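Working through the structure, step by step
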Amino acid sequence: MYLVADKFGVASCMKICLERLVNLPMTVPTACLYLSLPDSMHSHRGVAQLLEASRGFLVAHFRDLERVHKGEEFLELPLVGVQTLLASDELNVRDELTAFHAMVEWLRHHHDDLDDRKRAAVRLAEHVRFPLMTGDDLEDVVLKAAEMDSPECQALVRKQFGTRSSVVSRVQPCEATEAHERDGRHAQAVLAAAVEPKLCGHVYFDIHLERFQALAVAATVESATFGIGGKRFYLSARHGRRDDGTETLDIHLHLENSHSVQPEIQVSFIFYAKRWPEGQFDYLRDRVTKGFGRNASNWGYSNILGRPWADVVQDDSKYFKNGVMSVFAEVQILEDAGRGPVVGG
């Protein structure tokens, strides 16, 4: 009825239809149906509300993509449903390779013919965040997948790496041990092309106050990992203690699997923390590392805020709002010992 009302421009009927649709219980099929409405209708105020509700429902329903991407309900989604999920920042995935595997599983379920899979892959691959993958993942998995063997898909990968763009990673699952907790949090990587790939990342790390207050001395909260230049990094916030007994907040940048990184790399980083009520990021410290790799797995600062631990984690701390502290880091690979300085403007 809504489509007929839209065709003949009956605004009052359109309004009534939309109000009823928004209030109806949402299901996976209806959410996908609403998301399939013609683009010409998307500018209508009521339709925009309906689309937003549909996207939210679909992402919430399939949020744990790592667990559900081989299930029948996911595999039976229409193309628009998979596009919506892959475009979302809110998917719960361990790494971006999971999103890629989900795309391939869906393509192989829907299309027996390889050429059909390649054509459909072009419409899905644009939502996969290839710069968040490691070099090995790209070389050994993505570029060897038959579905990606087309000029259009290859161009999509090159475009993401070859232009300056913001690539936001997805929510990642938490892992916990007695020594530390992994805080599933988004990271943002900004990659730029130059004479050689000049790679840098802007990383946001949220620390939750209740988790922080519960940390024992020497325990840490760690960010999700993020990829820059084929290497995997993560940030940590540590409840430290100095020799004089002073308890402090320590923040470090870590290189994952550093023992296997040969030759070593040179990295620069700058740490910031958001201060309230202004909502501005305060500069904290910066450093240019040497020998980041086998002989040094992490670099950072003890007592980075220059305040005792008890002051940092108090309820009225100027660095926490609604129980969350936001740390921001700029990370850039400057030099690979085997290749020399990374050149770029």
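In what follows, the accompanying structure is described. A quick note: this is a predicted structure, and the numbers were derived from the prediction, not measured.

Right, let's get into the overall build of the protein. In terms of helices and strands, the protein carries 13 helices and 13 strands. Residues classed as buried in the protein amount to 46% of the 345 residues present. If you take every contact in the protein between residues at least 6 apart in sequence, the share linking residues at least 24 apart comes to 64%. Taken as a whole, the protein presents about 17300 Å² of accessible surface, with 49% of it coming from carbon and sulfur.

Below, the discussion takes up unusual backbone geometry. In this structure, P277 follows W276 across a cis peptide bond, with omega equal to 15 degrees. Residue position: P277 is located in the loop between β9 (265-275) and β10 (280-288). A positive phi is found at A218, a non-glycine position, where the angle reads about 80 degrees. With respect to the helices, strands and loops of the structure, A218 is situated in the loop between α12 (209-213) and β5 (220-223). Unlike most non-glycine residues, N322 shows phi in positive territory, near 55 degrees. For N322, the position within the fold is in the loop between α13 (309-312) and β12 (324-336). On the basis of relative accessibility, which here comes to 74%, the residue N322 falls in the exposed class.

Time to look at the packing of aromatic side chains. Applying the stated criterion across every chain, the model contains 5 aromatic pairs. Considering the side-chain rings of F100 and F130, the 6.5 Å spacing of their centres and the 65 degrees angle between planes classify their relative orientation as edge-to-face. Placement of F100 in helix α8 (residues 96-110) and of F130 in the loop between α9 (114-125) and α10 (135-142) is noted, with a sequence separation of 30 residues between them. Assessed through its relative accessible area of 0%, F130 is described here as buried.

Another point: the environment of H110. With respect to the element layout, H110 can be found in helix α8. Measuring from C-alpha to C-alpha, the distance between H110 and L75 comes to 7.9 Å, with 35 residues separating the pair along the chain. Here H110 is in contact with L75, E76 and L77, once residues within four sequence places are set aside. Polar side-chain contacts of H110 include one of 2.6 Å to the backbone oxygen of L75.

The next subject is the nonpolar core. In this structure, L58, F74, L77, F100, M103, F130 and M148 are the most contacted members of the largest nonpolar core, which totals 46 residues. Setting aside residues up to four positions removed in sequence, L77 forms contacts with V28, C32, L58, F62, V82, L85, W106 and H110. Among the nonpolar cores identified, the runner-up in size contains 37 residues, and I251, V267, F271 and Y301 belong to it.

This part is about the pairing of strand β7 (residues 231-241). Counting buried positions along β7 gives 9 out of 11 residues, so the element sits mostly inside the fold. Relative to β7, β5 runs antiparallel, the two being bridged by 3 bridges. Residue E222 lies in a different strand from β7, and its bridge partner there is S236. In this structure, strand β6 (residues 226-228) lies alongside β7, joined through 3 bridges in antiparallel fashion. Paired with F226 across the two strands is F233, which belongs to β7. If you look at the hairpin formed by β6 and β7, you'll find 2 residues sitting between the two strands, and G229 has a positive phi there, around 60 degrees. Pairing of β7 with strand β8 (residues 247-255) involves 9 bridges; the strand directions are antiparallel. For G240, the partnering residue across the bridge sits in β8 and is T248. Adjacent in sequence and paired antiparallel, β7 and β8 are bridged by 5 residues, among which G245 carries a positive phi angle near 95 degrees.

Bringing the pattern of salt bridges into the picture now. On inspection of all chains with the given rule, the structure shows 7 salt bridges. When the shortest N-O distance is used, the salt bridge between R108 and E147 registers 2.7 Å. Of this pair, R108 sits in helix α8 while E147 sits in the loop between α10 and α11 (151-162), and the two are 39 residues apart along the sequence. With a relative accessible area of 47%, R108 lands in the partly exposed category.

Our focus in this paragraph is the packing of α8 against α9. At a minimum axis separation of 10 Å, α8 and α9 run at an interaxial angle of 145 degrees. The handedness of the crossing between α8 and α9 comes out as right-handed. Two secondary-structure elements touch here, α8 through M103, W106, L107 and R108 and α9 through R117, A120, A121, L124 and A125. Here the contact of α8 with α9 is composed, by residue class, of 7 nonpolar, no polar and 2 charged.

Right, let's talk about the environment of E66 for a bit. With respect to the element layout, E66 can be found in helix α5 (residues 65-68). Classification of E66 as partly exposed rests on a relative accessible area of 31%.

About the thresholds
Residues numbered from 1 in each chain as written. Predicted model: local features only at pLDDT ≥ 70, side-chain atom pairs only at ≥ 80, totals over all residues. Heavy atoms only, no water. Helix = DSSP H or I, 4+ residues; strand = E, 2+ residues; numbered from the N terminus. Buried < 20%, exposed > 50% of the residue type's maximum accessible area, 1.4 Å probe, protein only. Contact = heavy atoms within 4.5 Å. Areas by Shrake-Rupley, 256 points an atom, 1.4 Å probe, with all protein chains shown as cover. Phe/Tyr/Trp six-rings, centres within 6.5 Å; stacked < 30°, edge-to-face > 60°. Polar contact = N/O pair within 3.5 Å; in protein donor to acceptor, adjacent residues only side chain to side chain. Core = buried A, V, L, I, M, F, W, Y, C linked by side-chain atoms within 4.5 Å. Pairing = 2+ DSSP bridges. Salt bridge = Lys/Arg side-chain N within 4 Å of Asp/Glu carboxyl O. Axes fitted to C-alpha atoms, helices over the stretch in contact; angles between N-to-C directions. Left-handed = near helix turned anticlockwise from the far one by under 90°. Nonpolar A, V, L, I, M, F, W, Y, C, P; charged D, E, K, R; others polar.

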